[in-house]
Amino acid sequence: MKRKVAIQGVEGSFHEEAVRSFYADFQIIPCHTFEQIYKEMESGRADAAVMAIENTTSGGLIPNYELLRKYGRKIKGEVYLSISQNLMALPGQRIEDIKEVRTHFMAINQTLDFFSQYPHIELKESENTATSAAEIAEKGLKGVAAVASRCAAERYGLEILAEGIETYKQNFTRFLLMDDRIEIPQEERNKASLCFTLPHKTGSLAHILAFLSFYEMNLTRIQSLPIPGKSWQYFFYIDITFESYQRYTQAISAVRPLIDDLQILGEYRSGADIHVF
C-alpha cells in the first residue's frame, strides 16, 4: 500500500531521495517546517516521516533533536545519503547572468568555496533547496539561481549551470525514518538513540560513558541542548551502536539509576535500507 510520507520541503528535494531508500511506493506530503511533519502524522494526513538530522559538513540540525524528544515518535531506520549540490537556473542563462542564489543554509555552507569565485552573486537562505528551484520555475525568475539536487533540476525544468559544487565530495546527510507501522526484530537492532538528563554532579557524564564502554557500546554521536528554565542543565542526546542486543539492554539497566528522564528515541538498524513496502 502506498505510504504517505511527510518531509520538510517539496518533491525533488534530498528528503525525497531519502524516502526512496525506504519505500518503493509512496506519496510525498510536503511541509514548510520540520515540526509540521509531526503535525501531519498526528492528524493522520501522513503515515510516516523522513527527517534530516545531521550532515558531515554542516553538523547537526539542532532543533530536530528537540523534535525527536518532544513528539516521541520512535526512529525506525536511518540512511546516509550522498549529497551533490548543483547550481541551476532557467534555461539559456550563464553564471555571469546570476545575481542571486536561493537555497537552504546547509547548502550555502557546503558550497562557499565555489561561490567565492563569484563575488557578484548574493547568497540568500531559503526554507529548502528544492523549494527554491520550484519557485524559480513557477515565477520565471531570471537572474536568480538555486542550489539543489539534479532531481530538482529535472523535475522543475531548470538548467544546471555547474554540477558538484560542494566543497567536500565526501558530503553525506543522515536522515531518520519515523513509521509506527514498522517493527524491527530485536535480533536485527544494532543502534539506539537516547535522550536523558543528569544530576548536576561532578563527573556524572563521565560515569555514564564509562558504563557504556564497559558494556561495549560504541558512542557515535553526543549532543547537548539546554533545558529551558534550568540554568546550566542539559538534555543529552546520544547515538550508540552495538553487536549484542542483550548487552545493550544490560547497559541500559546499568545506567538507569544514574540518569534522569531517560527516553529511548529509537532502536533500529544502523545505516540500513529497510525497503519494506
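Residues numbered from 1 in each chain as written. Predicted model: local features only at pLDDT ≥ 70, side-chain atom pairs only at ≥ 80, totals over all residues. Heavy atoms only, no water.

A. Here's a closer look at the overall build of the protein chain. Counting its regular elements, the protein chain contains nine helices and 15 strands. In terms of overall dimensions, the protein chain is globule-like: its C-alpha atoms have a radius of gyration of 21 Å, near the 19 Å expected for 277 residues. If you line up the protein chain on its principal axes, its C-alpha atoms span 65 × 45 × 35 Å. Of the contacts formed within the protein chain by residues at least 6 apart in sequence, a portion of 73% connects residues at least 24 apart. About 13,100 Å² of surface is accessible on the protein chain, with carbon and sulfur atoms providing 49% of the total. (Helix = DSSP H or I, 4+ residues; strand = E, 2+ residues; numbered from the N terminus. Rg over C-alpha atoms; globule rule 2.2 N^0.38 Å. Contact = heavy atoms within 4.5 Å. Areas by Shrake-Rupley, 256 points an atom, 1.4 Å probe, with all protein chains shown as cover.)

B. Inspection of the packing of helix α8 (residues 204-214) against helix α9 (residues 245-255) at higher detail. Two elements in contact, α8 and α9, have axes whose closest approach is 9 Å; the angle formed by their N-to-C orientations is 155 degrees. As summarised for this structure, α8 and α9 are arranged roughly antiparallel, according to the angle between their axes. Seen from above, α8 lies across α9 with right-handed handedness. For the pair α8 and α9, the contacting residues are Ile208, Phe211, Leu212 and Phe214 in the first and Arg247, Ala251, Ala254 and Val255 in the second. Class assignment of the residues belonging to the contact of α8 with α9 gives a composition of seven nonpolar, no polar and one charged. (Axes fitted to C-alpha atoms, helices over the stretch in contact; angles between N-to-C directions. Parallel < 35°, antiparallel > 145°, perpendicular 65-115°, else oblique. Left-handed = near helix turned anticlockwise from the far one by under 90°. Nonpolar A, V, L, I, M, F, W, Y, C, P; charged D, E, K, R; others polar.)

C. Representation of helix α2 (residues 34-43). If you check which residues of α2 are buried, you get Phe34, Ile37, Tyr38, Glu40 and Met41. For α2, the arc enclosing every buried residue in end-on projection is 155 degrees, short of the 170-degree limit, so these residues lie on one face. On its buried face, α2 is in contact with β1 (3-8), α1 (14-22), β2 (26-31), β3 (48-55), α3 (62-71) and β11 (172-178). Among the residues trailing α2, Gly44 stands out with phi positive, at a value near 90 degrees. (Buried < 20%, exposed > 50% of the residue type's maximum accessible area, 1.4 Å probe, protein only. Arc of directions from axis to C-beta.)

D. Quick peek at the sheet that holds strand β6 (residues 86-89). Reading across the sheet, the five strands line up as β8-β7-β9-β6-β10 and stay open at both edges, with mixed pairing between neighbours. Sheet topology places β8 (122-125) and β10 (159-162) at the edges, where each strand pairs with a single neighbour. Here the average twist between neighbouring strands, direction ignored, is 35 degrees. The strands touched by helix α6 (residues 129-139) within the sheet are β6, β7 (100-103) and β9 (144-148), with β9 carrying the most contacts at an inclination of about 150 degrees. (Pairing = 2+ DSSP bridges.)

E. Structural context of the pairing of β1. Among the six residues of β1, five are classified as buried, and the element is accordingly described as predominantly covered. By the bridge criterion, six bridges tie β1 to β2 in an arrangement that is parallel. For Arg3, the partnering residue across the bridge sits in β2 and is Phe26. For the handedness criterion, the β-α-β arrangement of β1, α1 and β2 is classed as right-handed. (Right-handed = clockwise from strand over helix to strand, strands pointing away.)

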